[in-house]
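Structural overview
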Amino acid sequence: MRDSTPSVPPDSSGSTPSETEALEILVPGMDCPSCAGKVTKSVERLDGIDDIDPRVTSGRLLVRYDPARTSGSEIRDRVRAAGYRIADEGGDDGAADLSLSVPEMDCASCANKVENALAAADGVDEIETQPTSGRVTVAVDDETSTEAVVDAIGSAGYEATPMDGDSDEIEFGDDDSIWRSRRAIGTAIGGVIAVVGIGVAFVVPAADPTLGTVAGRPYALSQLLFIVAAAVAGAPVLRNAVYSIRNRSLDIDFLMGVGIVASVAAHHPFEGAMLAVLFSVAELLERFSMDRARNSLRELMDLSPDTATVRRDDGSTETVSADELAVGDVVVVRPGEKIPADGVVIDGQSAVDQAPITGESVPADKREGDGVFGGTIPESGYLEVEVESEADDSTIARIVRTVEDAERDQTKREQFVDRFASVYTPLVVVFALAVATLPPLLTGASWNTWFLRGLTLLVIACPCAFVISTPVSVVSGITSAARNGVLIKGGRHLEATGESDVLAVDKTGTLTTGDLSVTDVIPLEGATEADVLRRASAVERRSEHPVGRSIVGYADERGIDGRDDTVSNFEALTGKGVRAELDGDTHYVGKPDLFDELADLDHVHATTDGGVAVVDAPARSQCEREGCLDVLEDVVPELADLDHVHATTDGGVAVVDAPARSQCEREGCLDVLEDVVPELERDGKTVVVVGTEDNPLGVIAVADRVRPDAEWAVSRLQEQGVRVVMLTGDNEGTARAIAEQVGIDEFHAELLPEEKLEWIERLEGESDETRVAMVGDGINDAPAMATASVGIAMGAAGTDTALETADVALMGDDLTRLPYLFALSETATGVIRQNIWASLAVKAVLAVGAPIGLVTVIHAVIIGDMGMSLGVTGNAMRLANIEPEMPPTRSDSPDAN
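Let me begin by describing the structure that accompanies this report. (Residues numbered from 1 in each chain as written. Predicted model: local features only at pLDDT ≥ 70, side-chain atom pairs only at ≥ 80, totals over all residues. Heavy atoms only, no water.)

**Some remarks on the side chain of Ser 280**
Put simply, the rule is: Counting from the N terminus, the helices are DSSP H or I runs at least four residues long and the strands are E runs at least two residues long. Polar contacts, as used here, are pairs of N or O atoms within 3.5 Å; protein pairs need one atom able to donate a hydrogen and one able to accept it. Residues neighboring in sequence count only if both atoms are side-chain atoms. Only heavy atoms matter for contacts: two residues are in contact if any of them lie within 4.5 Å across the pair.
With respect to the element layout, Ser 280 can be found in helix α8 (residues 269-301). Polar side-chain contacts of Ser 280 include one of 2.8 Å to the backbone oxygen of Ala 233. Polar side-chain contacts of Ser 280 include one of 2.9 Å to the backbone oxygen of Ala 276. Non-local contacts of Ser 280, meaning those with residues more than four positions away in its chain, are made with Arg 183, Thr 187, Ala 233 and Val 237.

As structure tokens, this is what we get:
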């Protein structure tokens, strides 16, 4: 957050008005217009607010205020009052974020207990728990120590480990350690004792003598064994139940603890033992299952190497921790080793496996001057890489952080689940108490029978499987996507992509490579092709426009150097082209309509060299002179009075075929307006004219290459039921040519950025159910991408802006990831729906069956808790098996081998 005080000039009376200050606040949760409106209304309540500018795309709030009437801290308080967290950027509000790893916090019940414990601690303002990744983030004041936060979490019964401030790495335990833990050993011992008790009670009842009487109730050997089993296996449950009571948390530990104690106290030790043993087994399996789900995130984190070999100035090398690398260090990477940080190759060359970042399975050739990503692997050669980013700011680190943070962004279904669970549990608990007590009190029914039925309902009351059904699916889907080069910024974006039925596609840089190249040069008025290129490249050498750069590059390839020409008074004509003085004459290079403003271009002549015409054209008869032509009519669509020209020929074959004309008898007469430009544009080419104020000198056609997989990707999307619409700022002819080439039926051309935005709104307004995803370069198309239900950035690897602004980032320039993204998102949405409704259905059946005696405690634990928890987690893990489909002609496709 930055405060600044601009200089304010005196007003007309000569006095200086009250100075204002600017405050910039990072509000990560402000990611939609509704959020922005909520924050704005909250801040507007303060006096002295001059201006509020919420920027949803970057999650930043800019406020200009009068410091004499309000303060930065009050503004921040109003943002928090609206329900949004402020990310710490060294501001003066005295708050800081603290992240801790809590591996044992692996369910919604655990998270609720931790939140209650932290809420009771002093100095803790905001709490965010992420049970799927075992992470807790809190905002604390300057007077609150890390130890105090750790102790608060410990009071809930969980061990917390502070995470390094320079690293977002989460500590995960070994999967196998779960089965060697104290709880696993206690559960096994309790289970064995319970099995012995069952054998004594039901197999050899003669060996089950009564050992004594307590409070008038006789206790047999088997019953004592059951009590011991309940105590041993249920000790962790009872311990956690105490923490739940202390933190006023109506969670699974509290419910199960009450159930175990009540069973033993009511002289039902068998049910108590079964409840303790089966629930402990269920918890261990759920922990194991959750750790398997976390494996995908662990695999991402393991991509970064632990060490790096640094070459020092004296030529020696030293092995250091990758975390210690600084910008400017030179690291040595041998074949098979992981590149430790993002950087640039300064020596060597190698094919580099970039699959961890871009998802592209074909290695990319890297040589001096090429950028490389940390975590990628050179396969064939030695590289020396100059580090350009520190370890915690590398591309792979940003990917890991994004995946970790994805759990913060709840989907609509997750929000529904949370609301439902907050009502469901208390209602079922009350229902369980009613079932256990009312029938015996009102009808004299058996206390024994109805107690057991109420106990069963108490077990069913916990919605654990229901609550984890969505987050475990989201994390599984997002980490699976990240491994395949698709970075999804949150669960709701995963969900929204699956619900999108329209994909708006930008042309340049998305369907095409974005690398323009010259395809045709048509000289006029006696000029040669070399002369046209020399003049055009000399003028365009000062331009930054892609078309200009392509002309300069083509001229350089042909050995035509215009740098020796004297160029002055260069001027970029926005939206039209460029103008400059070249050797004393004013030259223009630009769109055809640029020449609308030039005089005396309605009657010019071309010269030939006796060869075959470069462009076949009709004959003209406007004057007696050979070569009479009207350039605006023949060369440039949309132009007037250039309707008769002749192309310069070089003895070669005609470049553009045109119908025969009869305007004059001279060979090479052509109508460029009607024949040349339309034909070039039908082929998807962009046409520019080169000329002076007096005469056109030539026509140059430039084209952008269509990506090899564009047609296949569009076809697969359409087969998946996605309507693909192209939105481009290019001309109608080029747009139509590209659309036909890739198989898109609907396109809209010549659109400004704001017009693309309008088309997104128009598409989404076609029906209440229509959802539009927009894919573009992440920068130029930002307004349209921000308006769409989902914004998808193309080729975002290493691009900070795209990684920050897009909802989904395709890390490589690979269109095959689009069908994969929609397939994964649609499947994930289906999995989430299946998990939610299956959990609800099972709970409903159990809740109905318990009061009538069809469901017992054992059914409730095995089916309702353990079974459903394992079921929803296993179902979510299916998302990890979805792999990108490759075109049959791709070299990395299995079919290609």
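**With respect to a nonpolar patch on the surface**
The test is simple: A patch consists of residues exposed above 30% relative accessible area that lack any salt bridge, with like charges linked at up to 9 Å and nonpolar side chains (Val, Leu, Ile, Met, Phe, Trp, Tyr) linked at up to 5 Å. Computed with a 1.4 Å probe, the accessible areas rest on the Shrake-Rupley method; for each residue, only the protein chains presented here act as cover. A side-chain nitrogen of Lys or Arg and a carboxyl oxygen of Asp or Glu constitute a salt bridge if their distance falls within 4 Å.
Residues Leu 438, Leu 441, Leu 442 and Trp 447 make up a contiguous nonpolar surface patch of roughly 480 Å² in combined accessible area. Ranked by residue count, the leading element in the nonpolar patch is helix α11 (residues 412-443), at three residues. Secondary-structure assignment places Leu 441 in helix α11.

**Description of a negative patch on the surface**
Rules: His residues and chain termini do not enter the charge count, which takes Lys and Arg as positive and Asp and Glu as negative. Every charge is mapped onto a representative atom, which is NZ of Lys, CZ of Arg, CG of Asp or CD of Glu.
A surface patch of like charges, here negative, comprises Asp 583, Asp 585, Glu 693 and Asp 694. Structurally, Asp 694 can be placed in the loop between β30 (685-692) and β31 (696-706).

**Overview of the sheet that holds strand β12 (residues 317-321)**
Going by this rule: The criterion for strand pairing is that DSSP finds at least two bridges linking the strands in question.
The antiparallel open sheet is built from six strands, whose spatial order is β12-β11-β13-β19-β14-β17. Each of the sheet's edge strands pairs with one partner strand only, and the pair in question is β12 and β17 (371-372).

**Points about the packing of helix α7 (residues 252-265) against helix α12 (residues 447-460)**
Short version of the rule: Between N-to-C directions, angles cover 0 to 180 degrees, with each direction set by a line fitted to C-alpha atoms, over the stretch in contact for helices. Angle categories: roughly parallel below 35 degrees, roughly antiparallel above 145, roughly perpendicular from 65 to 115, and oblique for all the rest. Rotating anticlockwise by less than a right angle from the far helix to the near helix defines a left-handed crossing, while the corresponding clockwise rotation defines a right-handed one. Residues are sorted three ways: Asp, Glu, Lys and Arg are charged, Ala, Val, Leu, Ile, Met, Phe, Trp, Tyr, Cys and Pro are nonpolar, and all the rest, Gly among them, are polar.
Put simply, α7 and α12 touch, their axes get as near as 9 Å, and they point 160 degrees apart. As far as their axial angle goes, α12 and α7 are roughly antiparallel. For the pair α7 and α12, the crossing hand works out as left-handed. Note on element contacts: α12 touches α7 through Phe 451, Leu 455, Leu 458 and Val 459, opposite Leu 255, Met 256, Val 258, Gly 259, Ala 262 and Ser 263. Residue classes in the contact of α7 with α12 are distributed as eight nonpolar, two polar and no charged.

**Quick look at the nonpolar core**
Formally: The definition of a nonpolar core used throughout is a set of buried Ala, Val, Leu, Ile, Met, Phe, Trp, Tyr and Cys residues joined through side-chain atoms within 4.5 Å. Residue burial is assigned from relative accessible area. The probe radius is 1.4 Å, only protein chains are included, and a residue is buried under 20% of its type maximum, exposed over 50%, and partly exposed in between.
Formed by 46 residues in total, the largest nonpolar core has its most connected members in Met 256, Leu 275, Leu 457 and Ile 460. Looking at this core, the elements with two or more residues in it are α5 (182-203), α6 (221-246), α7, α8, α11, α12, α25 (817-849) and α26 (857-877). A total of eight residues in this core trace back to one element, the largest contributor, which is α12. Each residue touching Met 256, except ones within four places of it in the same chain, is listed here: Val 237, Leu 275, Phe 279 and Val 459. Counting 45 residues, the second largest nonpolar core, distinct from the first, contains Val 474, Val 722, Ile 744 and Leu 840.

**Structural notes on the pairing of β12**
Working note: regular strand, side chains alternate between the two faces of the sheet. Examined bridge by bridge, strand β11 (residues 307-311) and β12 share five bridges and lie antiparallel to one another. What sits directly across from Thr 307, in β12, is Ser 321.

**With respect to α7**
As a reminder, the rule being used: Expected span of a helix: the number of residues minus one, times 1.5 Å.
Between its first and last C-alpha atoms α7 spans 20 Å; for 14 residues at 1.5 Å apiece the expected length is 20 Å, and the two agree. Every buried residue of α7 is listed here: Ile 252, Asp 253, Leu 255, Met 256, Gly 257, Gly 259, Ile 260 and Ser 263. Directly beyond the C-terminal end of α7, a positive phi value near 65 degrees is found at His 267.

**Description of the pattern of salt bridges**
Pairing between side chains becomes possible if they bear opposite charge and their charged atoms approach one another. Scanning the model with the defined rule gives 16 salt bridges in all. Linking Asp 531 and Arg 534 is a salt bridge whose minimum nitrogen-to-oxygen distance equals 3.0 Å. In this pair, Asp 531 and Arg 534 are both assigned in helix α16 (residues 529-540), three residues apart and thus about one turn of the helix distant. Look at Asp 531 and you get buried, because its relative accessible area is 18%. For Arg 534, a relative accessible area of 22% translates into the label partly exposed. The salt bridge involving Arg 535 is made with Asp 531; its shortest N-O contact spans 3.1 Å. Taken together, the residues Arg 535 and Asp 531, both in helix α16 and four residues apart, mark about one turn of the helix. A single salt-bridge network, built from bridges that share partners, covers Asp 531, Arg 534 and Arg 535.

**Structural notes on the environment of Ser 321**
Within the fold, Ser 321 resides in strand β12. Among the residues examined, Ser 321 registers a relative accessible area of 27% and is labelled partly exposed. Taking the C-alpha atoms as reference, Ser 321 lies 5.9 Å from Asp 306; in sequence the two are 15 residues apart. When near neighbours in sequence (up to four residues on either side) are disregarded, Ser 321 contacts Asp 306 and Thr 307.

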